[in-house]
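Listed below, chain by chain, are the residues.
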Amino acid sequence: DMHVQTVRAFIDEQRRRTEPHRLTEAAYRACHTLSGSSKMAEQRHGIRLAEPLDHWLRRAWNSGAGLQGADLGLLEDCMEAMLQVARHPDENTAFFVAHDVLRGRIAAAEADLDRRLAAAAEAAAAAAAASATLLAPSREPSEAGEPPGPTSIAPEFAMRAPAIPAPFAPPAAAPAATPESE
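Note that the structure is a prediction, hence the values are computed from the model and not measured.

Novice: Requested: an account of the pattern of salt bridges, with residues and values cited.
Specialist: The final tally for this structure, using the stated rule, is 15 salt bridges. We note a salt bridge from E13 to R17, for which the minimum N-O separation is 2.8 Å. Here E13 falls in the partly exposed class, since its relative accessible area comes to 30%. For R59, the salt bridge identified is with E110, shortest N-O distance 3.0 Å. A residue pair is termed long-range when its members are at least 10 positions apart, and R59 in helix 3 (residues 44-63) and E110 in helix 5 (residues 98-135) qualify at 51 residues. According to the relative accessible area criterion, R59 is partly exposed, its value standing at 26%. What emerges from the salt-bridge pattern is a single network uniting D71, D112, R115 and R116.

Below, the structure written as structure tokens:
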């Protein structure tokens, strides 16, 4: 099957790279198509495997988190199982006993993805908080009761208002002539 071959080419390419393995659009779309094809053909064994696979990969794709090394092995095993479904469309559930194990592995991989996404969100929040702390103005009021100023910023980096000279007074008008001055 063309879609399985697309996913296998992705797996072969990614095994030469380091983690995380960024899911390509072609590989994601191939898995999504396998799920849709199983539904259209009403292949319940394909549906039972392809739907959770598609769900997990959609989350990995949308989040940009990528796959781990063990995930590539799981994806490869799922592609082999999808080929078995295509080759044996009329077999009963007992023939596809390995699918239960694969669905459990997919659930574990999705739980791992949840943990990785939560850890990344916590790290991003901590980095944002640290950045905000470095740039935040001091919150201690001055002794004169003035509002707090940016004392936590090094003086050489503090914003200073440009010195603007005071406006010049308009030239004084010549005194008006009075009868006494004449």
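Novice: Outline helix 3, listing residues and values.
Specialist: Its 20 residues give helix 3 an end-to-end C-alpha distance of 29 Å, which sits within 8% of 28 Å, the value for a rise of 1.5 Å per residue. Listed as buried for helix 3 are H45, G46, L49, A50, L53, D54, W56, L57 and A60. With its phi angle positive at about 75°, G64 sits one or two positions after the end of helix 3.

Rules behind the numbers
- Residues numbered from 1 in each chain as written.
- Predicted model: local features only at pLDDT ≥ 70, side-chain atom pairs only at ≥ 80, totals over all residues.
- Heavy atoms only, no water.
- Salt bridge = Lys/Arg side-chain N within 4 Å of Asp/Glu carboxyl O.
- Buried < 20%, exposed > 50% of the residue type's maximum accessible area, 1.4 Å probe, protein only.
- Helix = DSSP H or I, 4+ residues; strand = E, 2+ residues; numbered from the N terminus.
- Expected span 1.5 Å × (residues − 1).

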